[in-house]
Amino acid sequence: MVNKKASESQVMELEKRNYNNPVVLCGFAGSTPTGVLAASYIVETLGMHQVAHLISQHIPPVAVFVGGKLRHPFRIYANNSNTVLVAMCEVPISSAHIYEISNTLMNWIDQVGASEIVIMEGSPSNGIPEERPVFAVAEKPKLEKFKKAGIQPADSAIIAGMGGGILNECLVRKITGLSFITPTSVDIPDPGAVLSIIEALNKAYNLKIKTDLLEEQVKALDEQIKKIEEQYKELQEKQKEPQSMYG
């Protein structure tokens, strides 16, 4: 627990658990909602339970209604075997307070003995990406492992916001920290981006997260887009047809 005198933020545990060197998956509000959506999907699909929340005067004072309950916006969940944690926050954190909040979270993660931390991110893309490869931002030994799983290293990347704050803390504390990033449409909801992140996590960590629902959403979206494209083509063809001067 973080001493309140030492910090204006602290992690409040709802229950005590003995964690088994968990991997921590993080999703935060940012330039795209991909991280938060992926975190929510993992929590729901794996049947995870909230074990803590992070409180701070620097987090916007909102309440989130989810699962039939009012909850804090910054929550931490665990699976039944205590091998996976999910940290998520649906509201953006001001850059002036990212250091304190990420430091508070990392103090708690340190205490529970986490093995590594994964930041789930979407890279903003105009329109709808034809492909959504997932790129890894990590130290070289990890990148070699991910390559074997079909996850390519990013050429370069800047991780901003809470994700960047946590990765900086990982460097200081010598905890393995990394990020999975995939192109994400900023024009429409993009379940394909979430699906790509989940599939990469399954490959890298053998999490066995079911993706049926996401695949259905992606298929439905593709069909909808195809219909719109066909209608647009029909409209263009009609506009090309010669018009009679008498109507």
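Residues numbered from 1 in each chain as written. Predicted model: local features only at pLDDT ≥ 70, side-chain atom pairs only at ≥ 80, totals over all residues. Heavy atoms only, no water.

### Section: a negative patch on the surface
On the surface, Glu199, Asp212, Glu215 and Glu216 cluster together into a negatively charged patch. It is helix α6 (residues 212-240) that contributes the most residues to the negative patch, three residues altogether. Take Glu216: it is sitting in helix α6. Look at Glu216 and you get exposed, because its relative accessible area is 53%. (Patch = residues over 30% accessible without salt bridge, like charges linked within 9 Å, V, L, I, M, F, W, Y side chains within 5 Å. Areas by Shrake-Rupley, 256 points an atom, 1.4 Å probe, with all protein chains shown as cover. Salt bridge = Lys/Arg side-chain N within 4 Å of Asp/Glu carboxyl O. Lys, Arg positive; Asp, Glu negative; His and termini not counted. Charge placed at Lys NZ, Arg CZ, Asp CG, Glu CD. Helix = DSSP H or I, 4+ residues; strand = E, 2+ residues; numbered from the N terminus. Buried < 20%, exposed > 50% of the residue type's maximum accessible area, 1.4 Å probe, protein only.)

### A short note on the layout of surface pockets
The probe, sized like a water molecule, is rolled over the atoms to show the empty space still left. Approximately 360 Å³ is the volume attributed to the largest pocket. What lines the largest pocket is a set of 24 residues, among which Gly30, Ser31, Glu121, Ala160 and Gly161 lie closest to the centre. If one sorts the elements of the lining of the largest pocket by residue count, strand β8 (residues 116-125) sits on top with five residues. Of the voids in this model, the second largest pocket is the one considered here, and its volume is about 270 Å³. Residue lining of the second largest pocket: 14 residues in total, with Ala138, Glu139, Leu167, Leu171 and Gly177 positioned closest to the centre. Counting only elements with at least two residues in the lining of the second largest pocket, the list comes to α4 (161-173) and β11 (176-185). Looking at the lining of the second largest pocket element by element, the count peaks at five residues for α4. Split by residue class, the lining of the second largest pocket holds seven nonpolar, four polar and three charged. (1 Å grid on protein atoms, 1.4 Å probe; cavity = no way out; pocket = protein on both sides within 12 Å on 5 of 7 lines; lining within 4 Å. Points joined across faces, edges and corners; volume = space filled by probe spheres on them. Nonpolar A, V, L, I, M, F, W, Y, C, P; charged D, E, K, R; others polar.)

### Examining the packing of helix α2 (residues 98-112) against α4
Two elements in contact, α2 and α4, have axes whose closest approach is 9 Å; the angle formed by their N-to-C orientations is 55°. In terms of orientation, α2 lies oblique with respect to α4. For α2 against α4, the interelement crossing comes out right-handed. Residues Ile98, Tyr99, Ile101, Ser102, Asn103, Leu105, Met106, Asn107 and Asp110 of α2 touch α4, and the partners they reach there are Gly161, Met162, Gly165, Ile166, Glu169, Cys170 and Arg173. Its residues assigned to classes, the contact of α2 with α4 comprises eight nonpolar, five polar and three charged. (Axes fitted to C-alpha atoms, helices over the stretch in contact; angles between N-to-C directions. Parallel < 35°, antiparallel > 145°, perpendicular 65-115°, else oblique. Left-handed = near helix turned anticlockwise from the far one by under 90°. Contact = heavy atoms within 4.5 Å.)

### Concerning the sheet that holds strand β6 (residues 74-78)
Pairing is mixed in the open sheet, where nine strands are placed in the order β1-β3-β6-β7-β2-β8-β11-β9-β10. Edge strands, defined here as strands with exactly one partner in the open sheet, are β1 (9-13) and β10 (152-153). Relative to β11, strand β9 (residues 135-137) runs antiparallel, the two sharing three bridges. Within β11, the position partnered with Phe135 by the bridge is Ile181. (Pairing = 2+ DSSP bridges.)

### A few points about the side chain of Thr182
As for its placement among the helices and strands, Thr182 is situated in strand β11. Accessibility expressed as a relative area gives 0% for Thr182, which makes it buried. Once you skip the residues sitting within four places of it in the chain, Thr182 turns out to touch Glu121, Gly122, Ser123, Arg132, Pro133, Val134, Ala193, Ser196 and Ile197.

### Quick word on helix α5 (residues 191-205)
Along its 15 residues, α5 runs 21 Å from first to last C-alpha, staying within 8% of the 21 Å computed at 1.5 Å per residue. The element α5 is extensively covered by neighbouring structure, given that 13 of its 15 residues are classed as buried. Backbone geometry just after α5 places Asn206 at a positive phi near 50°. (Expected span 1.5 Å × (residues − 1).)

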